[in-house]
Amino acid sequence: TGIMRYGAFMMEQGVRLTEANGCESVCVIYDRLGMTRKNVDLGQMRALLGMVQDCYPERLGDVYVLEANALYHILYGMVKPFLTERTKSKIHLLDGVPSLLAHFE
């Protein structure tokens, strides 16, 4: 699907940029501010996470999901059983930017 091609394109871009800067992993910041359940497709979410964990396991650094509302926590709970422990440990559901800043120096 289009979202899968876009996800692969973005990961490849991230890999290329990190390698050019001497890094090995890609950090993803996903800002959900203003998103509603109309913007969520559980199947696509599961497919994207599966692609990232299967095709880029060593490249994926941490994933920070900002503005993760109650609905997103529920949906993530449905997808979580399909993820490896290593991938789960990299995903951080956060309230907003102040919570994100706590993860960086």
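Below: a short report on this structure.

About the thresholds
Numbers given to residues run from 1 along each chain, matching the order in which its sequence is written. Note on the predicted model: pLDDT of at least 70 is required for a residue's local features to be given, and 80 or more for side-chain atom pairs to be given and counted; whole-chain, interface and lining totals, by contrast, use all residues. Excluding hydrogens and water, the side-chain figures rest on all heavy atoms present in the structure. Only DSSP runs of H or I covering at least 4 residues are called helices, and only runs of E covering at least 2 are called strands; the numbering of each starts at the N terminus. Using C-alpha atoms as the atom set, the radius of gyration is obtained and then compared with a globule rule of 2.2 Å times the number of residues to the power 0.38. Here, residues are in contact when the closest pair of their heavy atoms is within 4.5 Å. In this description, accessible areas are obtained by the Shrake-Rupley approach with a 1.4 Å probe, and a residue is regarded as covered only by the protein chains that are shown. Just so you know, the count uses Lys and Arg for positive and Asp and Glu for negative, and it drops His and the chain ends. A charged residue contributes its charge at one atom only: NZ of Lys, CZ of Arg, CG of Asp or CD of Glu. Exposed residues in this analysis have more than 50% of their type's maximum accessible area, buried residues have under 20%, and partly exposed residues fall in between, with area computed by a 1.4 Å probe over protein chains only. Whenever a pair of cysteine sulfur atoms sits within 2.5 Å, that pair is classed as a disulfide. A cavity here means a set of 1 Å grid points, computed over protein atoms only, where a 1.4 Å probe fits but cannot escape. A pocket is an open set with protein on both sides within 12 Å along at least 5 of 7 lines, and lining residues have an atom within 4 Å of a point. Grid points are joined across faces, edges and corners, and a volume is the space filled by probe spheres set on the points. When residues are sorted by character, Ala, Val, Leu, Ile, Met, Phe, Trp, Tyr, Cys and Pro go into the nonpolar class, Asp, Glu, Lys and Arg into the charged class, and all the rest, Gly among them, into the polar class.

## Remarks on the overall build of the protein
- When helices and strands are tallied, the protein shows 5 helices and 3 strands.
- Going from the N terminus to the C terminus, the protein shows its helices and strands as α-β-α-β-α-α-β-α.
- A globule of 105 residues ought to have a C-alpha radius of gyration of about 13 Å, and the protein, at 14 Å, matches this closely.
- Expressed along its principal axes, the backbone C-alpha trace of the protein runs to roughly 35 × 35 × 25 Å.
- Summarising the internal contacts of the protein: among those between residues at least 6 apart in sequence, 83% fall at separations of at least 24.
- When the accessible surface of the protein is totalled, it reaches about 6,800 Å², and 58% of it is carbon and sulfur.
- Looking at charge distribution, the protein has the averaged site of its 11 positive side-chain charges lying 8 Å from that of its 12 negative ones.

## As for the environment of Asp95
- Examined against the element boundaries, Asp95 turns out to sit in the loop between β3 (91–93) and α5 (97–101).
- For Asp95, a relative accessible area of 60% corresponds to the exposed category.
- C-alpha of Asp95 to C-alpha of Leu48: the two residues are 47 residues apart in sequence and 22 Å apart in space.

## Quick word on the state of the cysteines
- If you walk through the whole model with that rule in mind, you get 0 disulfides.
- Looking at the unpaired Cys23, the closest cysteine sulfur is the one in Cys27, lying at 11 Å.
- You can see Cys55 has no disulfide; the closest cysteine sulfur is in Cys27, sitting 20 Å from it.
- On the basis of relative accessible area, Cys55 is assigned to the exposed category, the value being 53%.

## Details of unusual backbone geometry
- Not every positive phi belongs to a glycine, and Glu67 is a case in point at roughly 60°.
- Here Glu67 lies in the loop between β2 (60–66) and α3 (70–79).

## Here we look at the layout of surface pockets
- Estimates place the volume of the largest pocket at around 860 Å³.
- Looking at the largest pocket, it is lined by 27 residues, and the ones nearest its centre are Ile3, Gly7, Val28, Tyr30 and Leu48.
- Residue assignment for the lining of the largest pocket shows that the elements contributing at least two residues are α1 (2–20), β1 (26–31), α2 (42–55), β2 and α3.
- The element contributing the most residues to the lining of the largest pocket is α2, with 6 residues.
- A per-class count over the lining of the largest pocket returns 22 nonpolar, 3 polar and 2 charged.

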